[in-house]
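Examining the three-dimensional arrangement
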Number of protein chains: 2
Amino acid sequence: MRTLVATTLIGPPFVPQVNPYAGEVGARSARWAAEFGLVTGPDAATRLGRANAADLAGRACPDAEPEQLALLTDLVTWLFAFDDNCDDDGLGADPTRLSPAVARLLDVLDRLGGDAPARAVTTAEPAATALHDLCRRVRRLGHPRLLLRFTRQLRDYLLALLWEAANRQHQRVPAVAEYVQMRRHTGAVYPSFTLTDIAHGALPTAERLADPVLSALDALAADLVCWCNDAFSYDKERRLESTGHNLTNAIARETGKDERSALAETVDRFNSGLATYLRLEAEVLAGDDPEVVRFATARRCWIRGTYDWSMGASRYH
Amino acid sequence: MRTLVATTLIGPPFVPQVNPYAGEVGARSARWAAEFGLVTGPDAATRLGRANAADLAGRACPDAEPEQLALLTDLVTWLFAFDDNCDDDGLGADPTRLSPAVARLLDVLDRLGGDAPARAVTTAEPAATALHDLCRRVRRLGHPRLLLRFTRQLRDYLLALLWEAANRQHQRVPAVAEYVQMRRHTGAVYPSFTLTDIAHGALPTAERLADPVLSALDALAADLVCWCNDAFSYDKERRLESTGHNLTNAIARETGKDERSALAETVDRFNSGLATYLRLEAEVLAGDDPEVVRFATARRCWIRGTYDWSMGASRYH
């Protein structure tokens, strides 16, 4: 049904771009993951390589310097690797085993990338030491507001994974409204946005971030990224689990539609969400605040980048 | 075993104070809760009255003006009422029913107290409309950084409740390290600190908040409040559920100690945590930054206030 998606999902009307350093940074990120032990074997390495985190990050940050692109790429690599590990050994469907792992990662976040060397975190788990490395590097960039935002967004992501695991354990498919709210966090889009903001030099003040319109734009950008991902990954996910965490499953369960119609509704949601996004964006950009322009540009790149990466990605084939 | 706690837990060496408006604000907060429908009947009203949110908030903000004290008191009232509702109808042990409720409250938080009138939020649930009212009032204070901090801390609290509910459902007692990490969030201490900071005029910059020592002080203050609460509430909780979410249960399960020894260890943890706190506080205050002094004062008041309130509270008798 991927063809249905590819032919009906509206391509976001933003120019597709990719960072010229993506290839080089991708190789470097693979080494980073191996060095921290995030990759557990040749199969895992192949899968991670096919996911092509650098292509996704390179589309989100087309103009970033290699260092900043590497930071976002490593985050995306970390997220893919953690996701794969959760899938591989059933961790993602077993809250009893996932909870202690999540708590240890929250301990890492509480340290805010503080001075101790990466290897000295309280646990030797690869996911924890690599996460601390990411936090340390964000700290070194010297934007404490973004460090705080980044760590709290990752905290929400980790806590939301427990919701997902409990649902999987009970084969529970949430209602659409609940799914949409929680998906914003399980997708880890917000912390990815934050590293992208750093690369784009987008550092809006709290006053701007607390503006309900800008905040709504941010949430809708996260939704679009997640729904695009859900639409393209549906084929793969339905092969793996019948009650997968995918907008299409939530729609099918709530409306009683067959899966093809439910998938079409996922696409419709993306398309109408995109139209709303463009209206909101025009409203936000009317203020001519350069910080807000950069903030919106970073989200444009994510929305367009996710679409292009999904069209090309072998992760979902 | 409450006597054990009352005689062995070290009283925090800070001057006990209580806001002179606590009585008046308490009556007002009871009306607020009734108006929003947070109280479902006479029994619930009695229980909420006995909890005495205004006394706790009045100790946390001894010098606050009535409006600011009312805001914190209403938050504490909201938290007590939500907690009671979770207990009363089993919501707190049933992730399947709690998840949609949590998602609706997260929808409210995403609005950041934006303009729409409280009654116009997407749901007519009392907890949701009252929460929106709190966010609106925080927004009106004109400290966007604190509004953002407040809403994300409440998000963590709500997400962490799902962890707690999943454990209750499976009668799972977490290990101590996991419990300590998650308890920081299930206790909703952080959002309470934030409203207290507003009342104390403590508005440290992100640069200070990202300081690992100040952040560690903040986390330890939250831990001390939670552990004090756990120590004093253990008697009540063990009557209600055998595998309650209490540090004492986590210690008993992990160490194999009997409950009296485990409770004594909870007290020991509080006492040694308090000693560490005093050391960290001295380090933090050495910088002579007035913002940090106010930040630390707000936490002192919470630690001492929780102790005094617990010694006197009928909530745990």
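Residues numbered from 1 in each chain as written. Chains lettered and ligands numbered in written order. Predicted model: local features only at pLDDT ≥ 70, side-chain atom pairs only at ≥ 80, totals over all residues. Heavy atoms only, no water.

Right, let's talk about the packing of helix 5 (residues 66–88) of chain B against helix 7 (residues 126–140) of chain B for a bit. Residue and element names in this part refer to chain B. In contact at an axis separation of 11 Å, helix 5 and helix 7 are set at 160 degrees when each is read in the N-to-C sense. Compared by their axis directions, helix 5 and helix 7 come out roughly antiparallel. For helix 5 against helix 7, the interelement crossing comes out left-handed. The segment helix 5 lies against helix 7, with Ala70, Leu71, Asp74, Leu75, Trp78 and Phe82 engaging Ala127, Ala130, Leu131, Leu134, Arg137 and Val138. Residues that form the contact of helix 5 with helix 7 fall into these classes: ten nonpolar, no polar and two charged. (Axes fitted to C-alpha atoms, helices over the stretch in contact; angles between N-to-C directions. Helix = DSSP H or I, 4+ residues; strand = E, 2+ residues; numbered from the N terminus. Parallel < 35°, antiparallel > 145°, perpendicular 65-115°, else oblique. Left-handed = near helix turned anticlockwise from the far one by under 90°. Contact = heavy atoms within 4.5 Å. Nonpolar A, V, L, I, M, F, W, Y, C, P; charged D, E, K, R; others polar.)

As a further point, take the interface of chain A and chain B. Tallying the contact residues gives 35 residues for chain A and 35 residues for chain B. For the pair chain A and chain B, the summed buried surface comes to about 3100 Å²; carbon and sulfur atoms form 65% of the total. Together, Leu159, Gln181 and Ala210 of chain A form the three largest contributors to the area buried by chain A at its contact with chain B, with a combined 15%. Inspection of the chain A/chain B interface yields four salt bridges. Here Asp156 of chain B and Arg155 of chain A are joined by a salt bridge, their closest N and O atoms 3.8 Å apart. For the pair chain A and chain B, the number of links is twelve residue pairs in polar contact (both at pLDDT 80 or more). Ranked by residues supplied to the side of chain A that touches chain B, first place goes to helix 8 (residues 144–169) of chain A with eleven residues. When grouped by side-chain class, the residues that make up the side of chain A that touches chain B number 15 nonpolar, eight polar and twelve charged. (Buried area = accessible area lost by both parts, 1.4 Å probe. Salt bridge = Lys/Arg side-chain N within 4 Å of Asp/Glu carboxyl O. Polar contact = N/O pair within 3.5 Å; in protein donor to acceptor, adjacent residues only side chain to side chain.)

Residues and elements named next belong to chain B. Where helix 8 (residues 144–169) contacts helix 9 (residues 176–186), the axes come no closer than 7 Å and their chain directions differ by 135 degrees. It follows from the interaxial angle that helix 8 and helix 9 lie oblique. Residue-level contacts link Asp156, Tyr157, Ala160, Leu161, Trp163 and Glu164 of helix 8 to Glu178, Tyr179, Met182, His185 and Thr186 of helix 9.

On to the packing of aromatic side chains, then. All names here are of chain A. As enumerated under the stated definition, the model contains twelve aromatic pairs over all chains in all. Measuring from ring centre to ring centre gives 5.9 Å for Phe80 and Trp309, while their planes differ by 15 degrees; the resulting arrangement is stacked. A residue pair is termed long-range when its members are at least 10 positions apart, and Phe80 in helix 5 (residues 66–88) and Trp309 in helix 15 (residues 290–312) qualify at 229 residues. A relative accessible area of 11% places Phe80 in the buried class. The exposure class of Trp309 is buried, given its relative accessible area of 2%. With centroids separated by 6.4 Å and ring planes inclined at 90 degrees, the aromatic side chains of Tyr190 and Phe193 adopt a geometry described as edge-to-face. A residue pair is termed a helical-turn pair when its members lie 3 or 4 positions apart in one helix, as Tyr190 and Phe193 do in helix 10 (residues 189–200) at three residues. By relative accessible area, which is 12% here, Tyr190 ends up buried. A relative accessible area of 1% means that Phe193 is categorised as buried. Put simply, the rings of Tyr190, Phe193 and Trp302 touch in pairs and so form one group of aromatic residues. (Phe/Tyr/Trp six-rings, centres within 6.5 Å; stacked < 30°, edge-to-face > 60°. Buried < 20%, exposed > 50% of the residue type's maximum accessible area, 1.4 Å probe, protein only.)

Residue and element names in this part refer to chain A. Under the 1.5 Å per step criterion, the end-to-end length of helix 7 (residues 126–140) is 21 Å for 15 residues, consistent within 8% with the ideal 21 Å. Of all the residues in helix 7, the buried ones are Ala127, Ala128, Thr129, Ala130, Leu131, His132, Asp133, Leu134, Cys135, Arg136, Arg137 and Val138. Those residues of helix 7 that are buried lie in contact with helix 2 (22–35), helix 5, helix 6 (95–110), helix 8 and helix 10. (Expected span 1.5 Å × (residues − 1).)

The operation relating the two chain copies consists of a rotation about an axis and a shift along that axis. Superposing chain A onto chain B takes a rotation of 180 degrees plus a shift of 0.0 Å along the axis, which leaves an RMSD of 0.0 Å. Within this description, the copies of the chain are treated as partners about a two-fold rotation axis. Mapped onto chain B, 100% of the interface residues of chain A again fall at the interface, so both copies present the same surface. (Least-squares fit on C-alpha atoms with pLDDT ≥ 70 in both.)

The backbone phi angle of Asn52 of chain A is positive, close to 55 degrees, even though this residue is not glycine. Looking at the secondary structure, you find Asn52 of chain A in the loop between helix 3 (42–51) and helix 4 (53–60). Even without being a glycine, Ala188 of chain B presents a positive backbone phi close to 55 degrees. Looking at where Ala188 of chain B falls in the secondary structure, it is placed in the loop between helix 9 and helix 10 (189–200).

This structure, assessed with the given rule, holds 56 salt bridges over all chains. In this structure, the salt-bridge partner of Arg172 of chain A is Glu178 of chain A, at a minimum N-O distance of 2.8 Å. Just as Arg172 of chain A is buried, Glu178 of chain A falls in that class too. In this structure, the salt-bridge partner of Asp308 of chain B is Arg59 of chain B, at a minimum N-O distance of 4.0 Å. A residue pair is termed long-range when its members are at least 10 positions apart, and Asp308 of chain B in helix 15 (residues 290–312) and Arg59 of chain B in helix 4 (residues 53–60) qualify at 249 residues. Judged by relative accessible area, which is 15%, Asp308 of chain B ranks as buried. On the basis of relative accessibility, which here comes to 18%, the residue Arg59 of chain B falls in the buried class. Put simply, Asp110 and Arg155 of chain A together with Asp156, Arg184 and Asp223 of chain B are held in one network by salt bridges that share partners.

Residues and elements named next belong to chain B. Relative to the elements of secondary structure, Arg304 occurs in helix 15. Its relative accessible area of 14% is what places Arg304 among the buried residues. When residues no more than four places from it in sequence are discounted, the contact partners of Arg304 are Gly11, Pro12, Phe14, Val15 and Pro16.

Turning next to the state of the cysteines. One way to say it: the disulfide is the covalent bond shared by the sulfur atoms of two cysteines. Residues and elements named next belong to chain A. The tally for this structure, following the rule as stated, stands at zero disulfides over all chains. The thiol of Cys228 is unpaired, and the distance to the nearest cysteine sulfur, on Cys226, comes to 10.0 Å. We classify Cys228 as buried; its relative accessible area is 1%. (Disulfide = S-S within 2.5 Å.)

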